[in-house]
Amino acid sequence: MRQTRTIEGKPFDLASNAFTPIFYRQLFKRDFLVELNNFRALKGKKAKDFTSEELQLYTDRSEAFARMAFCMNKQAEIGDILELQKLTINDFYSWLSIFENPSVFTTAEALNAVLSTWTNNTAQLVEGKNAESREIES
Amino acid sequence: MGLSMDELSLISLGFLYEMMTEQDNDSYDYDYIADQSDINKFF
């Protein structure tokens, strides 16, 4: 899935595919899917009801979405996985410095850019026929 | 599934999940399995 989205008025190419979670893990030593699921757990909850862990997660969300956007942007720009695997955390922080607003990744346009690229990447048509696979899908 | 990193970068995660689902569907006990005569009727 590849698309061009605008963040802070600048166009960014974002690409997401089955390699994205692997690339994310290799670069940041974190689990892309776990982080996304953690954010889903916050949905609909009021800040005053957050546990201390959830509050930390909520506070860190800007950097987490920036990490996801970085992976998607570099996958779109570079593509070649051997070149992608040469990137370091310093490349991420250099990339982040191009944004004027440090918490740009809490804005709706940036969140939509990341989440819509990811959602389109996970779209499925096939359904499992075995009971076990139906449980996994749900 | 035997996919390389390069191959993973060419497919969506949804497509990968579908391949895994279809692989799992292979073990499903279908009520009816088409044979050559069904294919002949179809064409």
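Residue indices follow the written sequence of each chain, beginning from 1 at its first position. Written order determines the labels here, with chains lettered from A and ligands numbered from 1. Selection of residues for local features in this predicted model requires a pLDDT of at least 70, selection of side-chain atom pairs for listing and counting requires 80 or more, and totals for whole chains, interfaces and linings are taken over all residues.

**Some remarks on the overall build of chain B**
Right, so step 1: In terms of helices and strands, chain B carries 3 helices and 0 strands.
Right, so step 2: The numbering of helices and of strands both runs from the N terminus, where a helix is a DSSP run of H or I of at least 4 residues and a strand a run of E of at least 2. For chain B, the N- to C-terminal ordering of α and β elements is α-α-α.
Right, so step 3: By principal-axis analysis of the C-alpha atoms, chain B measures approximately 40 × 25 × 15 Å.

**Structural notes on the confidence of the model for chain B**
All names here are of chain B.
Right, so step 1: Values of pLDDT, which run from 0 to 100, indicate the predictor's confidence residue by residue. Looking at chain B, the pLDDT average stands at 91 and 100% of residues meet or exceed 70.
Right, so step 2: Taken element by element, the predicted model of chain B shows its lowest mean pLDDT in helix α2 (residues 13-25) (91) and its highest in helix α3 (residues 36-42) (93).
Right, so step 3: Here the complex is predicted with pTM 0.81, and the ipTM for its interfaces comes to 0.73.

**Notes on the pairing of strand β1 (residues 2-7) of chain A**
Residue and element names in this part refer to chain A.
Right, so step 1: In this description, strands pair whenever DSSP reports at least two bridges between them. When β1 meets strand β2 (residues 10-15), the two strands line up antiparallel, connected through 6 bridges. Bridging from a neighbouring strand, Ile-7 pairs with Lys-10 of β2.
Right, so step 2: Hairpin connection of β1 to β2: 2 residues between the antiparallel strands, including Glu-8 at a positive phi of 55 degrees.

**Notes on the interface of chain B and chain A**
Right, so step 1: The contact criterion used here is simple: two residues whose C-beta atoms, placed from the backbone, lie within 7 Å are in contact. At the interface, 18 residues of chain B touch 16 residues of chain A.
Right, so step 2: For the side of chain B that touches chain A, the secondary structure elements donating two or more residues are α1 (5-8) and α2 of chain B.
Right, so step 3: Counting residues per element, the side of chain B that touches chain A draws most heavily on α2(B), which supplies 9 residues.
Right, so step 4: Under the scheme applied here, ten amino acids are nonpolar (Ala, Val, Leu, Ile, Met, Phe, Trp, Tyr, Cys and Pro), four are charged (Asp, Glu, Lys and Arg), and all others, including Gly, are polar. Residues that form the side of chain B that touches chain A fall into these classes: 8 nonpolar, 6 polar and 4 charged.

**Brief notes about α2(B)**
Because each turn of an α-helix spans 3.6 residues, side chains separated by three or four positions in sequence point in the same direction.
Residue and element names in this part refer to chain B.
Right, so step 1: Here α2 spans 18 Å end to end across 13 residues, near enough to the 18 Å set by a 1.5 Å rise per residue.
Right, so step 2: Among the residues of α2, Leu-13, Leu-16 and Thr-21 are the ones counted as buried. For α2, the angular spread of buried residues about the axis comes to 140 degrees, placing them on one side. Expected helix span is given by 1.5 Å per residue-to-residue step, counting one fewer step than there are residues. Partly exposed residues are those whose C-beta has more than 12 but fewer than 20 other C-beta atoms within 10 Å; with 20 or more the residue is buried, with 12 or fewer it is exposed, and the C-beta atoms are placed from the backbone. Starting at the helix axis, one direction is taken to each C-beta atom, and the arc is that of these directions.

**Concerning the environment of Gly79(A)**
Residues and elements named next belong to chain A.
Right, so step 1: Position of Gly-79 relative to the elements: it lies in the loop between α3 (52-77) and α4 (81-84).
Right, so step 2: Gly-79 gets classed as partly exposed once you count the C-beta atoms within 10 Å, which come to 13.
Right, so step 3: Between the C-alpha atoms of Gly-79 and Ala-15, which are 64 residues apart in sequence, the distance is 8.8 Å.

**Side note on the confidence of the model for chain A**
Interpreting fine coordinate detail is not advised for predicted regions of low pLDDT.
Right, so step 1: Within chain A, residue pLDDT values average 86, and 95% of them lie at 70 or more.
Right, so step 2: Least confident of the elements in chain A is helix α7 (residues 131-137) of chain A, whose mean pLDDT is 61; most confident is helix α1 (residues 20-28) of chain A, at 95.

**Overview of the packing of helix α2 (residues 32-42) of chain A against α3(A)**
Angle between the axes and distance between the axes are the two parameters that describe a pair of packed helices.
Residue and element names in this part refer to chain A.
Right, so step 1: One can describe the packing of α2 onto α3 by two numbers: an axis separation of 10 Å at closest approach and a directional angle of 130 degrees. Considered as vectors, α2 and α3 are oriented oblique to each other. Viewed along their axes, α2 and α3 form a crossing whose handedness is left-handed. Where α2 abuts α3, its residues Phe-32, Glu-35, Asn-38, Phe-39 and Leu-42 lie against Glu-54, Leu-57, Tyr-58, Arg-61, Ala-64 and Met-68.
Right, so step 2: The residue inventory of the contact of α2 with α3, partitioned by class, reads 7 nonpolar, 1 polar and 3 charged. Under this scheme, a helix contributes an axis fitted over its contacting stretch, all axes are lines through C-alpha atoms, and angles between N-to-C directions fall in the 0 to 180 degree range. Note on angle classes: values under 35 degrees are labelled roughly parallel, values over 145 roughly antiparallel, values of 65 to 115 roughly perpendicular, and the remainder oblique. If you view the pair so one helix is near and one far, a crossing is left-handed when the near helix is turned anticlockwise from the far one by less than a right angle, and right-handed when it is turned clockwise.

**Brief notes about the packing of α1(A) against α3(A)**
All names here are of chain A.
Right, so step 1: It is the contact of α1 with α3, at a shortest axis distance of 10 Å, that shows an interaxial angle of 115 degrees. Of the two possible hands of crossing, α1 and α3 adopt the one that is right-handed. Where α1 abuts α3, its residues Thr-20, Phe-23, Tyr-24, Leu-27 and Phe-28 lie against Arg-67, Cys-71, Met-72 and Gln-75.
Right, so step 2: Residues that form the contact of α1 with α3 fall into these classes: 6 nonpolar, 2 polar and 1 charged.

**Remarks on the nonpolar core**
All names here are of chain A.
Right, so step 1: As used here, a nonpolar core is made of buried Ala, Val, Leu, Ile, Met, Phe, Trp, Tyr and Cys residues. They are joined through C-beta atoms within 7 Å. Counting residues in each nonpolar core, the largest one holds 25 residues, and the members touching the most others are Phe-65, Met-68, Ala-69, Met-72, Ala-110 and Val-114.
Right, so step 2: With 7 residues, α3 is the single largest residue contributor to this core.
Right, so step 3: Among residues more than four places away in sequence, those in contact with Met-72 are Leu-14, Ala-15, Ser-16, Thr-20, Val-114 and Thr-117.

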